[in-house]
Each structure stands twice: as structure tokens, then as C-alpha cells.
Amino acid sequence: MNIVTAHTKGKVYITGAGPGDINLLTLRAKAVVELADVILYDNLINPAILDWAKPGAEKIFVGKLPYCSVITQETIHLWLLDHARTGKQVVRLKGGDPLLFGRGGEEAVFLRENQIDFEIVPGVTSSLAAGSYAGIPLTHRDDAQMLLFVTGHTKRSNKTGLDFDWPMLAAFSGTIVFYMGVRNLDQIAARLIDAGRSADSLIAVVENASLPQQKTVTGTLRNIAAKVLAEEIGTPALIIVGEVVKYHQQINWFSAIQEQLKQQIA
Ligand code: SAH
């Protein structure tokens, strides 16, 4: 008698791991981590998530540390392909949301071109966590009717500077969030001022949003770079430009419990 074994089809789950706090993953993200045979994960994910993996699951770090690439995107594509082709359930775990400044779109295109099944699991993007945990509502009925997500670092920005439509950004009446921009903060503030925005416009920088070590610095376009330097803000951090920054003082709730959280993990 022939024994027919069910052939399991490999699949890739391009999954958002949220901003940092392990409680901010979706239920779907947790479920796919639990079923994974292989997890390829980035540097911005909370390592405690990997403890949810089943025994024997392979965990592979493929992170690109800021400003230096270790493993190329092409290599990641090939690894996803190789694992899926051997029938494995592969989780591609990325910080925040996988399709926001996360190259998840490129991975999905590659998988489609190679006839590999995939699913995309959204995640809480870091800017939403920064807004919530720093008490900065990214939209507000009185102060911001629009929201713009911008990358503060592009392929060419190291050589040529950020070649955005600065007059458009300077005139934008909603909130602007820059991802990956903290090292270009001087340039961003200066370009906005040059393009016509008042040097007194409010701006905030939020580092490690949602984690016990979260830091928030607020200021104006004129003084923010000096303040961020003085506070030793590093990565990962987001820049929030807009009137809504004024609410931070009033509705920031997280700093009151941060000390307690830090002691719990110490
Ligand atoms: N896909 C991710 C963004 C990846 S780009 C998302 O949806 O959030 C990496 C940038 O995200 C960092 O340079 C930083 O600007 C931002 N970032 C990610 N996690 C962060 C956090 N916990 N606090 C502040 N910024 C964060």
C-alpha cells in the first residue's frame, strides 16, 4: 500500500512586528510566528517575539543596521525563496508595518514573480506608536487635517542631500512624520526654514517609541538639532513636524509609568 504524504506548500508571511512593545503585535502576527518553521527577522523587532516560535524553528537575523548594509535585499529574497520551495512556513518579520518604509512591497513582488504563496500581515507602524506614547495626536480637528509620512533618508541623500519638494513640505498644513531622518535632522529643519516655514514651528523627536527607554524631545525648527544633541537621541527615532506637538505636554501619559517599567526589567 502506498502511503501518500500530504505535500505541504511553502508560504511566506510578510509580517509587521509593531513598534517595539511586544503587546502591540496583532493576533495574526503572533499566530504566524507560532506556526513558523523559519523566521527571518530585522534588527528593529523586539527579540522577545522570537520566544513565541515553536521548538526547532529556525531564526535568522537579516537586519540591516542603520547606514550599513550587512545582508543584501537580493540575498533575503533568495533565502525566502529557498525556504518556501522546500515547503516551509516562512515568517518575514519586520519592524512596524511591513509595507511602510520596510521593503515588504519589493519582497511581495519578488515572491509573486516566483509563484510563491504569501500573506501580508499589517503592523502598528512606529509613527502611530510615537503619537500615542508621546501624547502627540497626529491629526486633530483643530490643528491637523492631513498627515504625511516621509522618509528622511533616501538612496541618494548621503551624496546629494534630500531632494524633496521642500516648498510643498514647508507649506503643508497637516502633520509631517519623517522616518529614518534623525541623522538628517539639521538638514530637514534648515530646508523647511529655507523653503518658507517659520523657524518657530513646532517639532518633536521620539526615540524608541513604546519601549521603556522611550525619549521625547520637543522644540522648534530653530533649536531642535541642538536639543537632540544635548539629550543624546539616537536611533530608532521619528521626527514629527506640526502644531499637534503642542499637545505633548498636556497628554503625554507614558513618561509617568516609564520609570516603573524600567525597574521591572532591571
Ligand atoms: N516599517 C517600519 C519603519 C521601518 S524604517 C514602521 O512601520 O515603523 C526604520 C525607521 O522607523 C527608523 O529609522 C525610525 O525612524 C522608525 N522607527 C522604527 N521603530 C521605531 C521606534 N520604536 N521608535 C521610533 N522610531 C522608530
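Residues numbered from 1 in each chain as written. Predicted model: local features only at pLDDT ≥ 70, side-chain atom pairs only at ≥ 80, totals over all residues. Heavy atoms only, no water.

Chemist: Where do I start with the side chain of Q89 in this structure?
Modeler: If you trace the backbone, Q89 turns up in strand β4 (residues 89-94). For Q89, the side chain forms a polar contact with the main-chain oxygen of K9, separated by 2.9 Å. Those residues within four positions of Q89 in sequence are excluded, and the remaining contacts are K9, G10, K11, Y13, L35, A36, D37 and V38. (Helix = DSSP H or I, 4+ residues; strand = E, 2+ residues; numbered from the N terminus. Polar contact = N/O pair within 3.5 Å; in protein donor to acceptor, adjacent residues only side chain to side chain. Contact = heavy atoms within 4.5 Å.)

Chemist: Can you help me understand the site of the ligand in this one?
Modeler: The local shell around the ligand holds 17 residues, among which L100, T125, S126, A209 and A237 are the closest. Between the ligand and S126 there is a distance of 2.7 Å, counted from an oxygen atom to a side-chain nitrogen or oxygen. Within the complex, the protein chains bury 91% of what would otherwise be the 540 Å² of accessible surface of the ligand. In the shell around the ligand, the residues fall into eleven nonpolar, five polar and one charged. Two domains each donate at least three residues to the shell around the ligand, and these are domain 1 (11-121) and domain 2 (126-254). (Near = heavy atom within 4 Å. Areas by Shrake-Rupley, 256 points an atom, 1.4 Å probe, with all protein chains shown as cover. Nonpolar A, V, L, I, M, F, W, Y, C, P; charged D, E, K, R; others polar. Domains from an automatic or database assignment.)

Chemist: What is the right way to read the layout of surface pockets from this model?
Modeler: Over the atoms, a rolled probe matching the size of one water molecule traces out where space is still vacant. If you add up the space inside the second largest pocket, you get close to 230 Å³. Looking at the second largest pocket, it is lined by 14 residues, and the ones nearest its centre are D21, S210, L211, P212 and L261. Of the residues forming the lining of the second largest pocket, the biggest block, four residues, is contributed by helix α10 (residues 255-265). By residue class, the composition of the lining of the second largest pocket is eight nonpolar, five polar and one charged. Two domains each provide a minimum of three residues to the lining of the second largest pocket, namely domain 1 (11-121) and domain 2 (126-254). (1 Å grid on protein atoms, 1.4 Å probe; cavity = no way out; pocket = protein on both sides within 12 Å on 5 of 7 lines; lining within 4 Å. Points joined across faces, edges and corners; volume = space filled by probe spheres on them.)

Chemist: Is there a simple way to think about the packing of aromatic side chains in this case?
Modeler: Two aromatic rings, taken as a pair, are described by how far apart their centres are and by the angle between their planes. On inspection of all chains with the given rule, the structure shows seven aromatic pairs. When the ring of F101 is compared with that of Y179, the centres are 4.7 Å apart and the planes differ by 55°; the resulting orientation is tilted. Placement of the pair is F101 in the loop between β4 and α3 (104-113) and Y179 in strand β7 (residues 175-179), with a sequence separation of 78 residues. Relative accessible area serves as the criterion here: at 36%, F101 is assigned to the partly exposed category. Of the residues examined, Y179 reaches a relative accessible area of 6% and is grouped as buried. (Phe/Tyr/Trp six-rings, centres within 6.5 Å; stacked < 30°, edge-to-face > 60°. Buried < 20%, exposed > 50% of the residue type's maximum accessible area, 1.4 Å probe, protein only.)

Chemist: Which parts of the structure should I look at to understand the confidence of the model for the chain?
Modeler: Detailed reading of the predicted coordinates is not advisable wherever pLDDT falls low. For the chain, mean pLDDT is 93; residues scoring 70 or higher make up 95% of the total. Within the model, pLDDT remains below 50 along residues 1-6, and this stretch shows zero contacts once partners closer than five positions in the same chain are excluded. (pLDDT = per-residue confidence, 0-100.)

Chemist: Can you help me understand the pairing of strand β1 (residues 11-16) in this one?
Modeler: In summary, the side chains of a regular strand alternate between the two faces of the sheet. Most of β1 sits inside the fold, with five of its six residues counted as buried. The sheet contact formed by β1 and strand β5 (residues 117-121) spans five bridges and is parallel. Looking across to β5, one finds that V12 is bridged to F118. (Pairing = 2+ DSSP bridges.)

Chemist: Help me out: how do you make sense of the sheet that holds β7 in this one?
Modeler: Picture the strands of a sheet paired through backbone hydrogen bonds; they go either parallel or antiparallel. Pairing within the open sheet is mixed, and its five strands lie in the order β6-β7-β10-β8-β9. Among the strands making up the open sheet, the edge pair consists of β6 (147-151) and β9 (215-220). Within the sheet, the average angular offset between the axes of one strand and its neighbour, ignoring direction, is 20°. Of the pairings in the sheet, the one linking strand β8 (residues 202-207) to strand β10 (residues 237-241) comprises five bridges and is antiparallel in character. Across the sheet, residue E207 finds its bridge partner in β10, namely A237. (Axes fitted to C-alpha atoms, helices over the stretch in contact; angles between N-to-C directions.)

Chemist: Please explain the nonpolar core as it appears in this structure.
Modeler: Grouped burial of nonpolar side chains is what soluble globular proteins tend to show. F178, L192, V205, I224, V228 and I239 are the most contacted members of the largest nonpolar core, which totals 23 residues. Those elements giving two or more residues to this core turn out to be α6 (166-171), β7, α7 (185-194), β8, α8 (224-230) and β10. For this core, the element with the highest residue contribution is α7, accounting for four residues. In this view, F178 contacts V150, T151, G152, F164, W166, L169, I188, L238, I239 and V241; residues no more than four positions away in its chain are not counted. If you look at the next biggest cluster of nonpolar residues, it comprises 17 residues, including V33, L50, A53 and V121. (Core = buried A, V, L, I, M, F, W, Y, C linked by side-chain atoms within 4.5 Å.)

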